[in-house]
Amino acid sequence: MTHLWVRAEQRANEERVGLTPEGAAELLAAGLRLTVEESSVRAIPIDGYCDAGCEIAAENSWPEAPAEAIIFGLKELPEDGTPLTHRHILFGHAYKGQPAGQVLLRRFKAGGGTLYDLEYLVDDAGRRVAAFGYWAGFAGAAVALRCWAAQQAGGICGPVATHPSAGHLKAELEEALSLTGQPRPDATVIGALGRVGSGAADLCDAMGVRVTGWDMAETVHGGPFPEVLDHDIFLNCILARPGTPVFVPAEAKTAPRRLRVIGDIACDPDSDFSPIKVYDRTTTWSVPALRVHDDPPLDVTAIDNLPSMLPVESSQDYAAQLLPSLRALGDLEAGVWGRAKARFDRHVSEV
């Protein structure tokens, strides 16, 4: 019997989960065994999992899970250097040369475990089967607008937090923008036709922010892209990969520009393929804006778990997308799981 163990998230400001109680009931009915850890932060209460019939384990007890269990979480594992012996489903951020990713792969190699990276669960056509993209774009655009609003008062964006709903987030942001007394800014969205770009554009539209949406047709020439500097806000909604053009070169900091805020929603600054060259590290919930130039100001916001600002909606959306693949966990050699394992095997052999 396939045993799926849903671990508690151990990263700060992470309240999401990749399986809802309704999805758990479906997996149990399909013959899977399910263990769900208690969590002091998860946005969806443990009671629903109990009612569905899941086994309940202590928070953060996954290292003692049975050897055959498949450990399922979303964000990073604790960086304690221990060898990883289980099969794990998570976002590994390990296949683009990221230093922390190389450490993670070495831990799997040392322990004989396997990483099924959620970013690389793809169908026969190479499309991701599940993504948090829409809510990343939605929340990322909101943080970028908060950064712009703070600049209007001569400051820099303060800490951000979770919201009980998208409606709550929009109401709070509307108030902040109105208090500036300024006309609404405009924004360029790169990757406007994708899930991330759609979320960013929807938030901007709701706030009365005019969007210039670019996708493949507008960027296929490879740059340069001086138009980016002629908008107040730039929102990057495409993943860094080989061949990705540079949209904001290093010299943009001192070039003549209207650009005041960069929201790097894709958030991969330590990748060689990053399209934004004015910063080199992610930002955080407590310090969401990195000022990279003072006069005129240029702030970058690059938070790498943006969907957790709307943990209930983003969890429900993602879990519904992923559920069909979880039903197929009984055959890890085929389909999305077989493809993810093959990719892991290639990368782990190189560390």
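Everything discussed here concerns the structure shown above.
Reading the values: the criteria
Residues numbered from 1 in each chain as written. Predicted model: local features only at pLDDT ≥ 70, side-chain atom pairs only at ≥ 80, totals over all residues. Heavy atoms only, no water. Helix = DSSP H or I, 4+ residues; strand = E, 2+ residues; numbered from the N terminus. Buried < 20%, exposed > 50% of the residue type's maximum accessible area, 1.4 Å probe, protein only. Contact = heavy atoms within 4.5 Å. Polar contact = N/O pair within 3.5 Å; in protein donor to acceptor, adjacent residues only side chain to side chain. Expected span 1.5 Å × (residues − 1). Arc of directions from axis to C-beta. Phe/Tyr/Trp six-rings, centres within 6.5 Å; stacked < 30°, edge-to-face > 60°. Disulfide = S-S within 2.5 Å.

1. As for the environment of Gln-151
- Within the fold, Gln-151 resides in helix H4 (residues 133-152).
- On the accessibility criterion, Gln-151 (10% relative accessible area) is buried.
- The sequence separation of Gln-151 and Thr-180 amounts to 29 residues, and the corresponding C-alpha distance is 9.2 Å.
- Gln-151 has contacts with Arg-260, Val-261, Arg-291, Pro-297 and Asp-299, leaving out every residue within four places of it along the chain.
- Side-chain polar atoms of Gln-151 contact the side chain of Asp-299, separated by 2.9 Å.

2. Some remarks on helix H5 (residues 166-179)
- Compared with the 20 Å implied by 1.5 Å per residue over 14 residues, the 20 Å span of H5 between its first and last C-alpha is a close match.
- All of the buried residues in H5 are Ala-166, Leu-169, Leu-173 and Leu-177. Taken down its axis, H5 places every buried residue within 60 degrees of arc, on the same side. Of the exposed residues in H5, the ones pointing more than 90 degrees away from its buried face are Glu-175 and Leu-179.
- At its buried positions, H5 is contacted by H4, helix H6 (195-206) and helix H8 (311-327).
- The positive-phi residue at the C-terminal boundary of H5 is Gly-181, with phi of around 70 degrees.

3. What to know about the packing of aromatic side chains
- Under the definition given, this model contains 12 aromatic pairs.
- With a centroid separation of 5.8 Å and 80 degrees between ring planes, the pair formed by Tyr-116 and Trp-337 is classed as edge-to-face. Of this pair, Tyr-116 sits in strand S6 (residues 114-117) while Trp-337 sits in helix H9 (residues 335-348), placing them 221 residues apart in sequence.
- Between the aromatic rings of Tyr-134 and Trp-135, the centroid separation amounts to 5.0 Å while the plane-to-plane angle is 85 degrees, which identifies the pairing as edge-to-face.
- Tyr-134 sits in the partly exposed class, given a relative accessible area of 24%.

4. A short note on unusual backbone geometry
- The linkage connecting Gly-223 with the following residue, Pro-224, adopts the cis geometry, with an omega of 5 degrees.
- For Pro-224, the position within the fold is in the loop between helix H7 (216-219) and strand S9 (233-236).
- Of note, the amide linkage connecting Asp-295 to Pro-296 takes the cis form, showing an omega dihedral of 0 degrees.
- With respect to the helices and strands, Pro-296 occurs in the loop between strand S11 (290-293) and strand S12 (298-301).
- The backbone of Asn-60 sits at a positive phi, close to 65 degrees, despite the residue not being glycine.
- With respect to the helices and strands, the residue Asn-60 is situated in the loop between strand S3 (55-57) and strand S4 (70-72).
- Overall, the relative accessible area of 32% leaves Asn-60 in the partly exposed class.
- Phi is positive for Cys-267, close to 55 degrees, though the residue is something other than glycine.
- What makes Cys-267 buried here is its relative accessible area of 10%.

5. What to know about the state of the cysteines
- Evaluated as defined, the whole model comprises 0 disulfides.
- Cysteine Cys-50 shares no disulfide, and the gap to the nearest cysteine sulfur, in Cys-54, comes to 7.9 Å.
- By relative accessible area, which is 37% here, Cys-50 ends up partly exposed.
- No disulfide involves Cys-237; its nearest neighbouring cysteine sulfur is the one of Cys-204, lying 8.7 Å away.
- For Cys-237, a relative accessible area of 9% gives the class buried.

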